[in-house]
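Reading the structure
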Amino acid sequence: MSQSSRLITESSEWTFPMLERYNTVIGQIAAEEFQLDTYPNQIEIITAEQMMDAYSSVGMPLGYKHWSYGKQFVMTEKNYRRGQMGLAYEIVINSDPCIAYLMEENTAMMQALVIAHAAYGHNSFFKGNYLFRTWTSADAIIDYLLFARNYVAECEERHGEETVELFLDSCHALMNYGVDRYKHPAPLSLSEEKQRQHEREEYLQSQINDLWRTVPMRNVEAAAVESRRFPAEPQENLLYFIEKNAPLLEPWQRELVRIVRKIAQYFYPQRQTQVMNEGWATFWHYTLLNRLYEEGYVNDGFMIEFLQSHTSVIQQLPFDHPYYSGINPYALGFAMMCDIKRICEAPTAEDRHWFPDIAGQDWIKTLDFAMRNFKDESFIAQYLSPKVMRDFKLFAVLDDDAQDELEITAIHDDPGYRRLRLALADQYNLGSREPNIQVWNVAYRKDRSLTLRHTRYNRRPLHAESTQEMLKHLHRLWGFAVRLEAVDENGKVELVGECPSGRH
Amino acid sequence: MATFIDRRLDGKNKSTVNRQRFIRRFKGQIKKAVAEAMNGRSITDIDNGEKVNIPARDLSEPVFGHGAGGRREAIHPGNKEFTAGDRVARPQGGGGGGSGGGQASNSGEGEDEFVFELSREEFLEMFFEDLELPNLVRTQLAKATEFKSVRAGFSSAGNPANIDVVRSLKGAMARRMALAAPYTRRLREAEAELEQLLAAPPVDEKRAQELLAEIEHLRARARAVPFIDTFDLRYSNRVKQPQPTTQAVMFCVMDVSGSMDRARKDLAKRFFTLLYLFLKRNYEKIEVVFIRHHTVAKEVDEQEFFYSRETGGTVVSSALVMMADIIAERYPTSSWNIYAAQASDGDNWHHDSPACKEILVQRVLPHVRYYSYIEITPDRHQSLWEVYEELKASYPHFAMRQIDGPADIYPVFRDLFKRRTA
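Residues numbered from 1 in each chain as written. Chains lettered and ligands numbered in written order. Predicted model: local features only at pLDDT ≥ 70, side-chain atom pairs only at ≥ 80, totals over all residues. Heavy atoms only, no water.

**Some words on the overall build of chain A**
A tally of helices and strands in chain A yields 22 helices and nine strands. Taking all 504 residues of chain A together, the buried fraction comes to 57%. Considering only contacts within chain A whose residues lie at least 6 apart along the sequence, 73% involve residues at least 24 apart. Carbon together with sulfur atoms contributes 49% to the accessible area of chain A, which is approximately 21800 Å² in total. (Helix = DSSP H or I, 4+ residues; strand = E, 2+ residues; numbered from the N terminus. Buried < 20%, exposed > 50% of the residue type's maximum accessible area, 1.4 Å probe, protein only. Contact = heavy atoms within 4.5 Å. Areas by Shrake-Rupley, 256 points an atom, 1.4 Å probe, with all protein chains shown as cover.)

Okay, structure coming up:
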């Protein structure tokens, strides 16, 4: 076939046959040349308003109803109308088949870009990355969300919209503390979920009541019980603990806690793989569209428009720019992915020293391995090369409230590389980004109060105002007094707050 | 492999429910903002949506997060002049990111105000919430003079324009099948027999001929069943249903004597506008009659009503008489809900006030649903107020209030129309 006859289109208006053509070609190159393993794609064309809808429900295709999504929607709409913000060109949902939304306003080039980015980039990441494989069940999520929505609606009918909403507020507040970080979850299944739910309701209630049994025990036993803590080990999954142990919750409330917890768990991998996921998808749309150009499927005009859009996506503003808002995950991810490919294909002496394992290896296999087995934190710790640090001109700033001034602790030079890399990896470690708060004790022989402990990391305190609010939410869920203590590095414990306040 | 789905046509306004919930959730704040906006803006564009400001902290959703303090190391891009070991002053304030600070977005800072736009519907909903039209009695059905034509199934008689083709043909088809059934059954039998006969030689020619003849005959009979018959025709049936009247007329009566200056007229206008909007929410169709008066009354259009100037004395009764005449002439109470609002600065020719009372009692109040009188004056009341005061006691649908300045309009309006729990 001659070059010119391969050209898919010269128009910037897209049509359905054209999209199918793009998809076929991109899919073919992705699968055959680059061995991208993907879920089947379901590509949906939607309007801007629908995009805002999808946006405001954090990309869940069918969320239950809650005012906070309305707030999000109002906010998105406002920014969009004012032109402060372009909408995301795409939203992609980690499900099987993988659903990608394309906005109708996009030009033909954008649609091709989005297909490459979402339907092959993100899609293969969802299917391959170990976090997604472990924590999410792509084939069941849509069913589960449907179950959740109907369940919430049912609860609203039975118990009133406001009651349910307030309760969900509290659950949402603790959403980040509703994930098991280390334990593997059981796979979701709609039918099992439903079937189990009833049994669970009744059984759980009896269990919990047993914990609060007031039948007197013999003294010796009682004394032993007195000194024992419950839970025996600190619990990091606050929502799980509440679901199983809060004494006063109704069965339907426990189910709501569970729903929020499950959804939090579903999004947990996404929060941990932002750099990788976006970097991976960006790398692939770049690579795939370039292949399209080389093969003659698209023309120069297409490429110029594409590069313009691509460069603005991976733009990294310097720290002293007025619009600087941190490291752009697209930029960092893309740079690292490209860098890995470079190290494989054309390693320098420095690369051979730093990455003896991958220098000169097959880049497709190396990238695939990196994508499958890491999360942001470990990916950066493993693969951030001196070259990328130099390109980004990274530097580390130490902000210590014990010192009057900030200290530049490392820059992109030989002595600084390792420290930079560690510090940047740590910046993506959810464990250090989010305060470490765990259930410490329940005074179940006394006032049934719940004590949480915040283990301080680098002496960083909690945000005072929101902590008070959080205690109120916790109190609503637990039903009895809730106390929060902080433990510093020397093991000293101090009371940070309690709700209701003023009681000891 | 990929499936393409065009979703553009479905699922519009999916977020409406969530948006409504958001508004309901922050009703208190939004209502406050609406009331404030009310005072702020010109009455003429009240009918639009409204931007609402809510302090962002009121609607934040808290999470556990780190506060300022402690020790943190942050990585930033774009180093130009720093080398390891450099010390720099801590930048003041969180704004603009800066070099230090860590992740500013985590520390709970955000916009101070959350601004969003209420649609016109939502705005008016908030605006008129808890308000109620007094005596909102739809004109009695028995007296109804309006009819609405509604569908009521099908009938076998009607005019040709109303023929329902699908229905008619369905009927025809059923009739054809039913009438032709005996023939077709026999036809099938005869055909089967013939086939059998022909399949197994030697062929009984005579029988075959008989069968062929019968088949021919039966086919003819089946064909003879008419394709469509007058009997099949069905007409869409429409019946007339009496409709309760949902139209209202609003009388705006205003004193334009010399003592009513521009500012006072403006206040009156605001009041009238509010009333108009409020009525509009309750009635499908509203007519407005403007009557202005000094010593004589005149029915005018809106422009003239508010903007032309007259001077002279004041005879309120002239306007009331005119209103009574117009009601009698154009707005029969059987089909119109009548509302009247009168604005004045309270001046009246002294001897006219008793006459006003008389006209109201005799000719106006029996016909109107609600009569509101506002007096725009910071001064003490004059004869008109006193006379009206007597009316107030005996007519529950007569209301009067005094307005001092623009800030009073909305409260007074709310007060006049607030939902009575009794």
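**Structural notes on the pairing of strand E9 (residues 493-499) of chain A**
Residues and elements named next belong to chain A. Bridge analysis of strand E8 (residues 482-487) against E9 gives six bridges, and the strand direction is antiparallel. In the strand pairing of E9, Glu-485 is matched with Leu-495. Counting the residues that bridge the hairpin from E8 to E9 gives five residues, and of these Gly-491 lies at a positive phi of roughly 85°. (Pairing = 2+ DSSP bridges.)

**Details of the sheet that holds strand E6 (residues 436-442) of chain A**
Residue and element names in this part refer to chain A. Strand order in the open sheet formed by four strands is E6-E7-E8-E9, with mixed pairing between adjacent strands. One side of each edge strand has no neighbouring strand; the edge strands of this open sheet are E6 and E9. Strand-to-strand twist of the sheet, defined as the mean angle between neighbouring strand axes without regard to direction, takes the value 25°. Of the strand pairs in this sheet, strand E7 (residues 450-455) and E8 are connected by six bridges, and their pairing is parallel. Considered in E8, the bridge of Leu-452 is made with Leu-484. Across the face of the sheet, helix H11 (residues 238-245) comes into contact with E6 and E7 while running at roughly 25° to E6. (Axes fitted to C-alpha atoms, helices over the stretch in contact; angles between N-to-C directions.)

**Quick word on the pattern of salt bridges**
Counting across every chain of the model gives 48 salt bridges over all chains. Residue Glu-214 of chain B pairs with Arg-186 of chain B through a salt bridge whose shortest N-O separation is 2.7 Å. Here the residue Glu-214 of chain B occupies a position in helix H5 (residues 205-224), and Arg-186 of chain B occupies one in helix H4 (residues 165-199), the gap between them amounting to 28 residues. Among the residues examined, Glu-214 of chain B registers a relative accessible area of 24% and is labelled partly exposed. The class of Arg-186 of chain B is partly exposed, set by a relative accessible area of 26%. It is possible to trace a salt-bridge network through shared partners that takes in Arg-6, Glu-33, Arg-291, Glu-294 and Glu-295 of chain A. (Salt bridge = Lys/Arg side-chain N within 4 Å of Asp/Glu carboxyl O.)

**Let's talk about the sheet that holds strand E4 (residues 395-400) of chain A**
Across the sheet, four strands lie side by side as E3(B)-E4(A)-E5(A)-E4(B); this open sheet has antiparallel pairing. For this open sheet the edge positions go to strand E3 (71-76) and strand E4 (87-89) of chain B, each flanked by a neighbour on one side alone. Neighbour to neighbour, the strand axes of the sheet diverge by 30° on average, direction disregarded. Where helix H20 (residues 417-427) of chain A meets the sheet, it contacts E4 and strand E5 (405-411) of chain A together with E3 of chain B, and its direction lies at approximately 105° from that of E3 of chain B.

**Things to note about a nonpolar patch on the surface**
Residues and elements named next belong to chain B. On the surface, Ile-163, Val-165, Val-166, Leu-169, Phe-227 and Ile-228 cluster together into a nonpolar patch covering about 520 Å² of accessible area. Counting through the fold element by element, Val-166 comes out in helix H4. Residue classification places Val-166 among the exposed positions, given a relative accessible area of 55%. (Patch = residues over 30% accessible without salt bridge, like charges linked within 9 Å, V, L, I, M, F, W, Y side chains within 5 Å.)

**A short note on the packing of aromatic side chains**
Residues and elements named next belong to chain A. Summed over the entire model, instances satisfying the criterion amount to 36 aromatic pairs over all chains. Measuring from ring centre to ring centre gives 6.0 Å for Phe-230 and Phe-241, while their planes differ by 40°; the resulting arrangement is tilted. Of this pair, Phe-230 sits in the loop between helix H10 (219-227) and H11 while Phe-241 sits in helix H11, placing them 11 residues apart in sequence. Among the aromatic side chains, those forming a connected cluster through ring pairs are Phe-34, Trp-280, Phe-283, Trp-284 and Trp-363. The residue whose ring lies beneath Arg-418 is Trp-354, and the NZ or CZ to ring-centre distance is 4.5 Å. (Phe/Tyr/Trp six-rings, centres within 6.5 Å; stacked < 30°, edge-to-face > 60°. Lys NZ or Arg CZ within 6 Å of the ring centre and 35° of its normal.)

**Here we look at unusual backbone geometry**
Residue and element names in this part refer to chain A. Going from Asp-96 to Pro-97, the amide bond is cis rather than trans, its omega being 0°. Within the secondary structure, Pro-97 sits in the loop between strand E2 (90-93) and strand E3 (98-103). For the bond from Cys-499 to Pro-500, the omega torsion is -5°, close enough to zero to count as cis. Inspection of the secondary structure assignment puts Pro-500 in the segment after E9. Phi at Arg-448 takes a positive value of approximately 65°, unusual for a residue other than glycine. Here Arg-448 lies in the loop between E6 and E7.

**Here's the deal with the confidence of the model for chain B**
Residue and element names in this part refer to chain B. Across chain B, the average pLDDT comes to 78, with 83% of residues at or above 70. The least confident element of chain B is strand E2 (residues 50-55), whose mean pLDDT is 68; the most confident is helix H8 (residues 316-330), at 90. Below pLDDT 50 for its whole length, residues 94-111 participates in 27 contacts with residues either more than four positions away or in separate chains. (pLDDT = per-residue confidence, 0-100.)

**Some remarks on the interface of chain B and chain A**
Taken together, the contact between chain B and chain A spans 66 residues of the former and 95 residues of the latter. Together, the buried faces of chain B and chain A total about 7600 Å²; carbon and sulfur atoms form 53% of this surface. Joining chain B to chain A, the criterion identifies 13 salt bridges. Arg-25 of chain B is paired through a salt bridge with Asp-169 of chain A; the nearest N and O atoms lie 2.5 Å apart. At the boundary of chain B with chain A, the tally comes to 42 residue pairs in polar contact (both at pLDDT 80 or more). When residues of the side of chain B that touches chain A are assigned to their parent elements, the largest contribution, seven residues, is made by helix H1 (residues 16-25) of chain B. In terms of residue class, the side of chain B that touches chain A is built from 23 nonpolar, 24 polar and 19 charged. Taken together, the three bridges between E5 of chain A and E4 of chain B define a ladder with antiparallel strand orientation. When the sheet's bridge partners are listed, Glu-407 of chain A is paired in E4 of chain B with Arg-87 of chain B. (Buried area = accessible area lost by both parts, 1.4 Å probe. Polar contact = N/O pair within 3.5 Å; in protein donor to acceptor, adjacent residues only side chain to side chain. Nonpolar A, V, L, I, M, F, W, Y, C, P; charged D, E, K, R; others polar.)

**What to know about the packing of helix H5 (residues 108-128) of chain A against helix H13 (residues 274-294) of chain A**
Residue and element names in this part refer to chain A. Relative to each other, H5 and H13 sit at 135°, their axes nearing to 8 Å. One element, H5, and the other, H13, form an angle in the oblique class. As H5 packs across H13, the resulting crossing turns out to be right-handed. The residues of H13 that touch H5, namely those facing Ala-112, Leu-113, Ala-116, His-117, Tyr-120, Gly-121, His-122, Ser-124, Phe-125 and Phe-126, are Met-276, Asn-277, Glu-278, Trp-280, Ala-281, Thr-282, Trp-284, His-285, Leu-288 and Leu-289. Taken together, the residues that form the contact of H5 with H13 break down as 12 nonpolar, seven polar and one charged. (Parallel < 35°, antiparallel > 145°, perpendicular 65-115°, else oblique. Left-handed = near helix turned anticlockwise from the far one by under 90°.)

**Digging into the packing of helix H6 (residues 262-282) of chain B against helix H11 (residues 406-417) of chain B**
All names here are of chain B. Running from N to C, H6 and H11 point in directions that differ by 35°, and their axes come no closer than 10 Å. Between H6 and H11 lies a crossing of right-handed hand. From H6, Leu-267, Arg-270, Phe-271, Leu-274, Leu-275 and Phe-278 reach across to H11, where they touch Pro-406, Ile-409, Phe-413, Leu-416 and Phe-417. Among the residues making up the contact of H6 with H11, the classes are represented as 10 nonpolar, no polar and one charged.

**Quick look at H5 of chain B**
Working note: α-helix, 3.6 residues per turn, so residues spaced by three or four point in the same direction. All names here are of chain B. Here H5 spans 28 Å end to end across 20 residues, near enough to the 28 Å set by a 1.5 Å rise per residue. Within H5, the full set of buried residues consists of Ala-208, Leu-211, Ile-215 and Leu-218. For H5, the angular spread of buried residues about the axis comes to 90°, placing them on one side. Turned more than 90 degrees off the buried face of H5, the exposed positions are Glu-205, Lys-206 and Ala-224. Its buried side turned inward, H5 meets H4. (Expected span 1.5 Å × (residues − 1). Arc of directions from axis to C-beta.)

**Some thoughts on the environment of Ala-396 of chain A**
Mapped onto the secondary structure, Ala-396 of chain A falls in strand E4. Along the sequence, Ala-396 of chain A and Leu-424 of chain A sit 28 residues apart, while their C-alpha atoms lie 8.4 Å from each other.

**Points about the pairing of E3 of chain A**
All names here are of chain A. Of all six residues in E3, six are buried, a share of seventy percent or more. Here E3 shows two buried faces, one formed by Cys-98, Ala-100 and Leu-102 and the other by Ile-99, Tyr-101 and Met-103. Relative to E3, strand E1 (residues 41-46) is paired through six bridges, and the arrangement is parallel. Paired with Gln-42 across the strands is Ile-99, a residue of E3. Two strands pair when backbone bridges link them, and E2 and E3 are joined in this way by four bridges, in the antiparallel orientation. Pairing of Ile-91 across the sheet is with Tyr-101, part of E3.

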